[in-house]
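Listed below, chain by chain, are the residues.
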Amino acid sequence: MEIVEAQTGEGNGVTHTGEDSALIASRMAFLDYLKSPIITLLIGPPERETALTAHQLFLSRSPFFQNIFSASPTPTVSLPDEDLDAMGCFLQFLYTGEYFPRIIKSRTGEEHLEKDPTDPNSSSEIDEDGAGLLKHAKVYTLAEKLGLAELKHLAHAKIHRINSTAKGELAYARFVYANTPREDTTIRAPIASFWAHRSHILRHEAEDEFRRMVLEFPQFAYDILSMVLDQKEKGSKDKDKDDGTSGGLERSKPGRKRPRLSTLS
């Protein structure tokens, strides 16, 4: 093990192992973060504005805030269009590397989100109104804006561990299609795949909401139709291949590795 020698204030040599030195260095780096200026973040529109505070060095992990501080050093940043809960999750992630609820493993090894003791509905296994999906979708879109790929990936992983109703899934889909670019297939493709495989059943659970979603976001309908047609095309090619009439290239089916289940509302 590597041994290094540090000097005390009295000039005496103090021996530390390499592990001790790494720990000291990490603590010093964290102290540097805590000694940086405090920035006030004004979240939400003026009529319901909420002030949050954070250290500048932590905020500077985001390219979005780096640009703000480099352009004009300021102790206050106004963010009138941002969601308060999503910003709270962002700050928690900056300081701890996680945000609530965490992904935890059961005794059987299955991963799920921890329960929120302050939420009376958290004991249910089903996200009835889509609030859980929306929470992480808002963190996902915020992470995209702030340029934090790790936070974006974490939020996306949590989305895939939530079971919701048809109405909850549609509320989530509406937010995603309204707040993400068409090119963001990371979050859009699983939604289209989910409805392509289940729309013939689930649309009856929330028929009015499904119709409004299709009319409001034609791209949503197009994405679903494209996947349905791709499935039919693949099925035809597979059938021809089994019959020996032609050789079709198999096409991978996009979607969640562990598809969420929808329950009757």
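Structure's up top.
Criteria and thresholds
Residues numbered from 1 in each chain as written. Predicted model: local features only at pLDDT ≥ 70, side-chain atom pairs only at ≥ 80, totals over all residues. Heavy atoms only, no water. Pairing = 2+ DSSP bridges. Helix = DSSP H or I, 4+ residues; strand = E, 2+ residues; numbered from the N terminus. Core = buried A, V, L, I, M, F, W, Y, C linked by side-chain atoms within 4.5 Å. Buried < 20%, exposed > 50% of the residue type's maximum accessible area, 1.4 Å probe, protein only. Contact = heavy atoms within 4.5 Å. 1 Å grid on protein atoms, 1.4 Å probe; cavity = no way out; pocket = protein on both sides within 12 Å on 5 of 7 lines; lining within 4 Å. Points joined across faces, edges and corners; volume = space filled by probe spheres on them. Nonpolar A, V, L, I, M, F, W, Y, C, P; charged D, E, K, R; others polar. Phe/Tyr/Trp six-rings, centres within 6.5 Å; stacked < 30°, edge-to-face > 60°. Polar contact = N/O pair within 3.5 Å; in protein donor to acceptor, adjacent residues only side chain to side chain. Axes fitted to C-alpha atoms, helices over the stretch in contact; angles between N-to-C directions. Left-handed = near helix turned anticlockwise from the far one by under 90°.

Trainee: Sorry if this is basic, but what is going on with the pairing of strand β4 (residues 50-55) here?
Mentor: Successive side chains on a regular strand alternate, one facing one side of the sheet and the next facing the other. Bridging between strand β3 (residues 38-43) and β4 involves 6 bridges; their strand directions are antiparallel. By the bridge assignment for β4, Ile38 is matched with His55. Hairpin connection from β3 to β4: 6 residues lie between these consecutive antiparallel strands, with Gly44 at a positive phi of about 95°.

Trainee: What should I look at first to understand the nonpolar core in this one?
Mentor: Side chains that are nonpolar tend, in soluble globular proteins, to be buried together. If you look at the biggest cluster of nonpolar residues, it comprises 56 residues, and the most contacted ones within it are Leu41, Leu59, Phe65, Phe90, Trp195 and Phe220. Residues contacting Phe90, with those up to four places away along its chain left out, are Leu59, Phe65, Leu142, Leu146, Leu148 and Leu151.

Trainee: Please explain the layout of surface pockets as it appears in this structure.
Mentor: A probe as big as a water molecule, rolled over the atoms, marks out the empty space that is left. Its volume calculated, the second largest pocket comes out at about 200 Å³. Taken together, Asp81, Glu82, Asp83, Ala86, Lys138, Thr141, Leu142, Lys145, Phe175 and Asn179 form the lining of the second largest pocket. Secondary structure elements with two or more residues in the lining of the second largest pocket: α5 (131-146) and α7 (166-179). Ranked by the residues each element gives to the lining of the second largest pocket, the list is headed by α5, at 4 residues. Looking at the lining of the second largest pocket residue by residue, the class counts come to 3 nonpolar, 2 polar and 5 charged.

Trainee: Explain the packing of aromatic side chains to me, please; I cannot follow it from the model alone.
Mentor: Ring pairs (aromatic) are described by centroid distance and by the angle formed between their planes. Under the definition given, this model contains 10 aromatic pairs. Taken together, a centroid distance of 5.8 Å and an interplanar angle of 75° make the contact between Phe194 and Trp195 edge-to-face. With a relative accessible area of 2%, Phe194 lands in the buried category. Trp195 gets classed as buried once you look at its relative accessible area, which sits at 0%. The interplanar angle of 40° and the centroid separation of 5.4 Å between the aromatic rings of Trp195 and Phe210 together place this pair among those described as tilted. One end of the pair, Trp195, is in helix α8 (residues 185-202); the other, Phe210, is in helix α9 (residues 207-216), with 15 residues separating them in the sequence.

Trainee: I would appreciate a short explanation of the side chain of Ser62 in the present structure.
Mentor: Assignment of secondary structure puts Ser62 in the loop between α2 (56-59) and α3 (63-71). Looking at Ser62, its side chain comes within polar contact range of the main-chain oxygen of Leu146, at 2.7 Å.

Trainee: Could you clarify how one ought to interpret the packing of α7 against α8 in this entry?
Mentor: Helix-helix packing is described using two parameters, namely the angle between the two axes and the distance between the axes. Close contact between α7 and α8 brings their axes to 11 Å; oriented N to C, the two are set at 145°. Here α7 runs over α8; the crossing is left-handed. Residues Ala166, Glu169, Leu170, Tyr172, Ala173, Val176 and Tyr177 of α7 lie in contact with α8, whose contacting residues are Ile187, Arg188, Ile191, Ala192, Phe194, Trp195 and Leu202. Split by residue class, the contact of α7 with α8 holds 12 nonpolar, no polar and 2 charged.

Trainee: Sorry if this is basic, but what is going on with the sheet that holds β4 here?
Mentor: Sheets are built from strands that pair by backbone hydrogen bonding, the pairs being arranged parallel or antiparallel. Reading across the sheet, the 3 strands line up as β4-β3-β5 and stay open at both edges, with mixed pairing between neighbours. At either end of the open sheet lies a strand with only one pairing partner, and these are β4 and β5 (76-79). The mean inter-strand angle of the sheet, taken between neighbouring strand axes irrespective of direction, is 25°. The strands touched by α3 are β3 and β5; relative to β5, the strand with the most contacts, the crossing angle is about 130°. Its contacts with the sheet place helix α4 (residues 84-96) against β3, β4 and β5, and it is angled at close to 15° to β4.

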